[in-house]
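Below, each chain spelled out in residue letters.
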Amino acid sequence: MAVSLASQTRALSPRRILPGFGLSLGYTVFYLCLLVLIPLSTVFIKAATLSYTQFWAIISDPRTIAAFKLTFGASALAAIVNAFFGLLVAWTLTRYTFPGRRIIDGLVDLPFALPTAVAGICLSAVYADNGWIGRFLAPHHIHVAYTQTGVFVALVFIGLPFVVRTVQPVLQDLETDVEEAAASLGATRAQIFARVLLPTLFPAVLTGFTLAFARALGEYGSVIFISNNIPLQGEIVPKLIMDKLDQFDYAGATAIAVVMLLASFALLLLINLLQWWSRKRLGMG
Amino acid sequence: MSIEIRGVSRNFGEFAALKDVSLLVETGELVALLGPSGSGKTTLLRIIAGLEYPTAGTILFHGEDAIRRDARSRQVGFVFQHYALFRHMTVFENIAFGLRVRPRALRPTKADIEARVMELLKLVQLEGLAQRFPSQLSGGQRQRVALARALAVEPKVLLLDEPFGALDARVRQELRSWLRRLHDELHITSVFVTHDQEEALEVADRVVVMNKGQIEQVGSPEDVYENPANPFVMNFLGSVNLFHARVHDGEAHIGPSTAPVTTAQDAATIGYVRPHELDILRSRNGGPTLEAVIKHIHAIGPTVRVELARRDNGELMEAELTRERFTELALKNGEQVHVKARKLQVFTEDYSI
């Protein structure tokens, strides 16, 4: 009796239509553990060897705070700039046809492929006070290479493709009849852009912004070459961590890494929530 | 407001979408532009709306040249086939959009906008859905929101581009008669595009039949259906049987039988008979008839469709009988019968379909 009842409940229990849920979830978790979770957990384990006061002393060191300020500040600023100009580039590439469009479209991806050190060297060469562009800026007391501005420029460079590539497909899918409807209802071009297009593009721009921001937070190669790397001035967090490692201060390096990791995670989570909310509003949730 | 279309042409590269089209839509009329895809009907509608510009010709609104005015200033309400609602706005915000984008001096107060939107929601029978997003509505509801949105700005002209094309058959039928009632209530000059002849004949005051960028015929639904100007119109407005005929002395000779025609010209021609104009007889009964064999009987619905093959040349034809007539005759597959045309249309111009 009990056996037949058990077999009955099993037959009635809802089965997923899509097969392989257990296998794919298991693989996903295993894969993420191997590549992300386990390596990152060592950071926490190593940092845990410090006492609370030691930990706090490293974190509240003016040099550390300056590095955090520069990294997060320059990354956020670069991501904002990328959000604006990435949208502009994506708009130009999808809305107009002109000779050389495909070439420009291809150029957008270059920052993805280029070794970041090469990018850093090129940028510092061009923007140095005697470089091609730097020589026109220097007389106006604008110095880009080997300053904080240089860090910002490098981060803009490496972040550009993210916004363009996330906004482009959404722009391509945008039906022109929505704009035509707005026009026949009496909206001006500016009103159509602000009230109809921008809200529709906003989630994609936000995704691009997030990706560019996250990428900038972790950037090392290009910044090292264009910044002066002087503590309290042009030093970014990854550089500070490298310095600590060079001095065999592994615990100190991981302490900074832990804070960097948590802060980045909190910020990205926040942006993701914002995105989920805006997507839901668009009826895409 | 009346709309006058004067000699409008539109070329897309080599392709001529419209060729010298002229048409007058009277104030308060509901006109259907009917034609197959590629006949230029949507292009014409978009030119009236100012979403497209003609290569030649002009558009007059109430006798005034409107061609230089852009879509924004034409005061035209446009309803799109795929609704074109603003996805990120609620139903309320969608309808209020046209009022909110007005210059400050012309913009109604917040209370006025709200009152107007509520009034329109009632008109399109969507009260209570004001705070929904378009993605939460059915197709029929979305199209009604689109209509309310177009009406919110009090347009002088309402243009609808295949308004029910994306909806399923039942909703389409419902919205069709609803649109007719709405028009009788508002009396706003309206033009709608459709490729569905039933829709055009049922809803419109006048039907404009278009083909290959030109107007084939303009007239009331009865007029274009009963007196088609040419074989294209005849064919497009419903199914039709073709008979190769010879006209001689005012009579069309089809096989062994004859039928009187109005054209005097003696020539080989084609006679057109609508299925419901074909009667089936058990015996010859004296009059001119064709012998035929019953191939198939579709006895579903109020009318019965009978497929027949002519005995002399095997050509197929279709007759539509009332259910009473069908029961009276007690027809069966394979039976031999006589077919008689009550009304035969012959067009003098040579025309290929």
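As the structure is a computational prediction, the values presented were derived from the model and not from experiment.

Engineer: What is the right way to read the packing of aromatic side chains from this model?
Structural biologist: The final tally for this structure, using the stated rule, is nine aromatic pairs over all chains. Relative to A:Phe213, the ring of A:Phe209 has its centre 6.0 Å away and its plane inclined at 5°; by these criteria the two rings are stacked. Highlighted residues: A:Phe209 and A:Phe213, both in helix α11 (residues 189-218), separated by four residues, approximately one helical turn. Comparing A:Phe209 with A:Phe213 shows no difference in burial state: the two are buried. Ring geometry for A:Phe248 against A:Tyr250: centres 6.4 Å apart, planes inclined by 85°, an arrangement best described as edge-to-face. For A:Phe248, a relative accessible area of 63% puts it in the exposed group. The exposure class assigned to A:Tyr250 is partly exposed, which follows from its relative accessible area of 40%. Lying over the aromatic face of A:Trp91, A:Arg95 brings its terminal NZ or CZ to 4.7 Å of the ring centre. Just above the ring of B:Tyr225 sits the side chain of B:Arg274; from NZ or CZ to the centre is 4.5 Å.

Engineer: Is there a simple way to think about the interface of chain A and chain B in this case?
Structural biologist: It is common to give the size of an interface as the accessible area that goes away when the parts come together. The partner chain B presents 23 residues to the 20 residues of chain A that form the contact. Summed over both partners, the interface of chain A with chain B comes to about 2,000 Å²; 61% of that surface belongs to carbon and sulfur atoms. Its largest share of buried area at the contact with chain B, chain A owes to A:Ser184, A:Leu185 and A:Arg195, together 31% of the area lost on that side. At the junction of chain A with chain B, the criterion picks out one salt bridge. Salt-bridge contacts for B:Arg46 lead to A:Glu180; the nearest nitrogen and oxygen are separated by 2.6 Å. At the junction of chain A with chain B, the criterion picks out four residue pairs in polar contact (both at pLDDT 80 or more). The set of elements that each furnish at least two residues to the side of chain A that touches chain B consists of α10 (176-184) and α11 of chain A. It is α10(A) that contributes the most residues to the side of chain A that touches chain B, seven residues altogether. Tallied by class, the residues present in the side of chain A that touches chain B amount to ten nonpolar, six polar and four charged.

Engineer: What exactly am I supposed to notice about the sheet that holds strand β17 (residues 303-310) of chain B here?
Structural biologist: Neighbouring strands of a sheet are bound in pairs by backbone hydrogen bonds; such pairs are parallel or else antiparallel. All names here are of chain B. Read from one edge of the open sheet, five strands run β15-β19-β16-β17-β18, paired in antiparallel fashion. On the outer flanks of this sheet lie β15 (278-281) and β18 (316-322), each paired with one strand and no other. Geometrically, the sheet is characterised by an average inter-axis angle of 45° between neighbouring strands, direction not taken into account. The sheet contact formed by strand β16 (residues 290-298) and β17 spans six bridges and is antiparallel. Looking at β17, one finds that His298 is bridged to Arg305.

Engineer: Is there a simple way to think about helix α4 (residues 139-152) of chain B in this case?
Structural biologist: In an α-helix, one turn spans 3.6 residues; hence positions three or four apart end up facing the same way. The terminal C-alpha atoms of α4(B), which comprises 14 residues, lie 20 Å apart, in line with the 20 Å expected from a rise of 1.5 Å per residue. Counted residue by residue, α4(B) has eleven buried out of 14 residues, so it is predominantly covered. When we look at burial in α4(B), the residues that qualify are B:Gly140, B:Gln143, B:Arg144, B:Val145, B:Ala146, B:Leu147, B:Ala148, B:Arg149, B:Ala150, B:Leu151 and B:Ala152. If you follow the buried residues of α4(B), they end up packed against α10 of chain A together with β6 (76-79), α2 (91-100), α3 (110-123), β7 (157-161) and α5 (169-186) of chain B.

Engineer: Where do I start with the pairing of β7(B) in this structure?
Structural biologist: Every regular strand shows the same layout, with side chains that alternate between the two sheet faces. All names here are of chain B. Along β7, five of the five residues are buried, which leaves the element largely enclosed by surrounding structure. Here β7 shows no split at all, with Val157, Leu159 and Asp161 on one side and Leu158 and Leu160 on the other all buried. Judged from the four bridges that link them, β6 and β7 form a sheet pairing that is parallel. The partner of Val79 across the bridge, within β7, is Leu160. As paired strands, β7 and strand β8 (residues 189-194) are joined by five bridges and run parallel to one another. Bridge pairing in β8 places Leu160 opposite Phe192. The handedness of the β7 to β8 crossover, carried by α5, is right-handed.

About the thresholds
Residues numbered from 1 in each chain as written. Chains lettered and ligands numbered in written order. Predicted model: local features only at pLDDT ≥ 70, side-chain atom pairs only at ≥ 80, totals over all residues. Heavy atoms only, no water. Phe/Tyr/Trp six-rings, centres within 6.5 Å; stacked < 30°, edge-to-face > 60°. Helix = DSSP H or I, 4+ residues; strand = E, 2+ residues; numbered from the N terminus. Buried < 20%, exposed > 50% of the residue type's maximum accessible area, 1.4 Å probe, protein only. Lys NZ or Arg CZ within 6 Å of the ring centre and 35° of its normal. Contact = heavy atoms within 4.5 Å. Buried area = accessible area lost by both parts, 1.4 Å probe. Salt bridge = Lys/Arg side-chain N within 4 Å of Asp/Glu carboxyl O. Polar contact = N/O pair within 3.5 Å; in protein donor to acceptor, adjacent residues only side chain to side chain. Nonpolar A, V, L, I, M, F, W, Y, C, P; charged D, E, K, R; others polar. Pairing = 2+ DSSP bridges. Axes fitted to C-alpha atoms, helices over the stretch in contact; angles between N-to-C directions. Expected span 1.5 Å × (residues − 1). Right-handed = clockwise from strand over helix to strand, strands pointing away.

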